[in-house]
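So you can see what is in the structure, the chains are spelled out below.
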Amino acid sequence: MSKSIMHQKDGTCYLCMMLKGDYDDHKITEEHHAVFGIANRNLAEHYGLKVYLCPEHHRTGKEAVHRNYKITKYLQEKAQVVFESKYPNESFREIFGKNFKLEDKPPEKKEIPKEPGFRFLEEE
Ligand SMILES: [Zn+2]
Ligand SMILES: [Zn+2]
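The shown structure was predicted, so the numbers you read here are calculated from the model rather than taken from an experiment. (Residues numbered from 1 in each chain as written. Chains lettered and ligands numbered in written order. Predicted model: local features only at pLDDT ≥ 70, side-chain atom pairs only at ≥ 80, totals over all residues. Heavy atoms only, no water.)

Brief notes about the environment of tyrosine 23
Line of reasoning, step 1. As for its placement among the helices and strands, tyrosine 23 is situated in the loop between α1 (14-20) and β1 (30-33).
Line of reasoning, step 2. Once the C-alpha coordinates of tyrosine 23 and glycine 11 are considered, the two residues, 12 residues apart in sequence, prove to be 8.8 Å apart.
Line of reasoning, step 3. Ignoring sequence-local partners within four residues, the contact set of tyrosine 23 consists of Thr12 and Met17. (Helix = DSSP H or I, 4+ residues; strand = E, 2+ residues; numbered from the N terminus. Contact = heavy atoms within 4.5 Å.)

Examining helix α2 (residues 38-47)
In an α-helix there are 3.6 residues to a turn, and that puts residues three or four apart on one side.
Line of reasoning, step 1. For α2, the complete set of buried residues consists of Asn40, Ala44, Glu45 and Tyr47.
Line of reasoning, step 2. On the buried face of α2, the contacting elements are β1, β2 (50-53), α4 (69-86) and α5 (92-96).
Line of reasoning, step 3. Glycine 48, located one to two residues past α2, shows a positive phi value of around 75°. (Buried < 20%, exposed > 50% of the residue type's maximum accessible area, 1.4 Å probe, protein only.)

Concerning the coordination of the zinc ion (ligand 1)
Line of reasoning, step 1. Only Cys13 (SG), Cys16 (SG), Cys54 (SG) and His57 (ND1) from the protein coordinate the zinc ion (ligand 1), and they sit 2.0 to 2.3 Å from it.
Line of reasoning, step 2. Sequence spacing among the residues donating to the zinc ion (ligand 1) works out to C-x2-C-x37-C-x2-H. Residue cysteine 16 is found in helix α1, and its partner histidine 57 is found in helix α3 (residues 55-60); the two are separated by 41 residues along the sequence. The pair cysteine 16 / histidine 57 is uniform in exposure class, with both members buried. (Donors = N, O, S within 2.8 Å, 3.2 Å for Na, K, Ca; no water.)

Thoughts on the packing of aromatic side chains
Line of reasoning, step 1. Evaluation of the coordinates by the stated rule reveals eight aromatic pairs.
Line of reasoning, step 2. Where tyrosine 47 meets phenylalanine 96, the ring centres are 6.2 Å apart and the plane angle is 55°; that geometry is what we call tilted. Remark: phenylalanine 96 occurs in helix α5 and tyrosine 47 occurs in helix α2; sequence separation between them is 49 residues. The same class applies to tyrosine 47 and to phenylalanine 96, which are both buried.
Line of reasoning, step 3. Taking 5.0 Å as the distance between ring centres and 50° as the angle between the ring planes, the aromatic pair formed by phenylalanine 83 and tyrosine 87 counts as tilted.
Line of reasoning, step 4. What links up through ring pairs into an aromatic cluster is the set Tyr47, Phe83, Tyr87, Phe92, Phe96 and Phe100. (Phe/Tyr/Trp six-rings, centres within 6.5 Å; stacked < 30°, edge-to-face > 60°.)

Listed below in structure tokens is the structure:
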């Protein structure tokens, strides 16, 4: 088992810390692979892309990573950022086949409407 490069297993919940600034020690924390899916779970294990979560943030609460897509995305993006700073010579995209960083997505094509006769208001 490899060590997490995102979070130390010390009783804290990663999401309690990040979302609420709560560094409390939890009786139970559960291991979560930040990038999951059949192939990626093993890769996440290999690279240490995992965090420890209280059961509420893992499975049962409204902000549980397995129930709340926003939280899923949040952890995936964090995982990629940590991965890229830890392994600057490796390509997250090539290894995981995905890019989770929002700011890297190509900008949407913006078409300037070309209506006939359309023009900005000008002074006559
Ligand atoms: Zn928590
Ligand atoms: Zn999980």
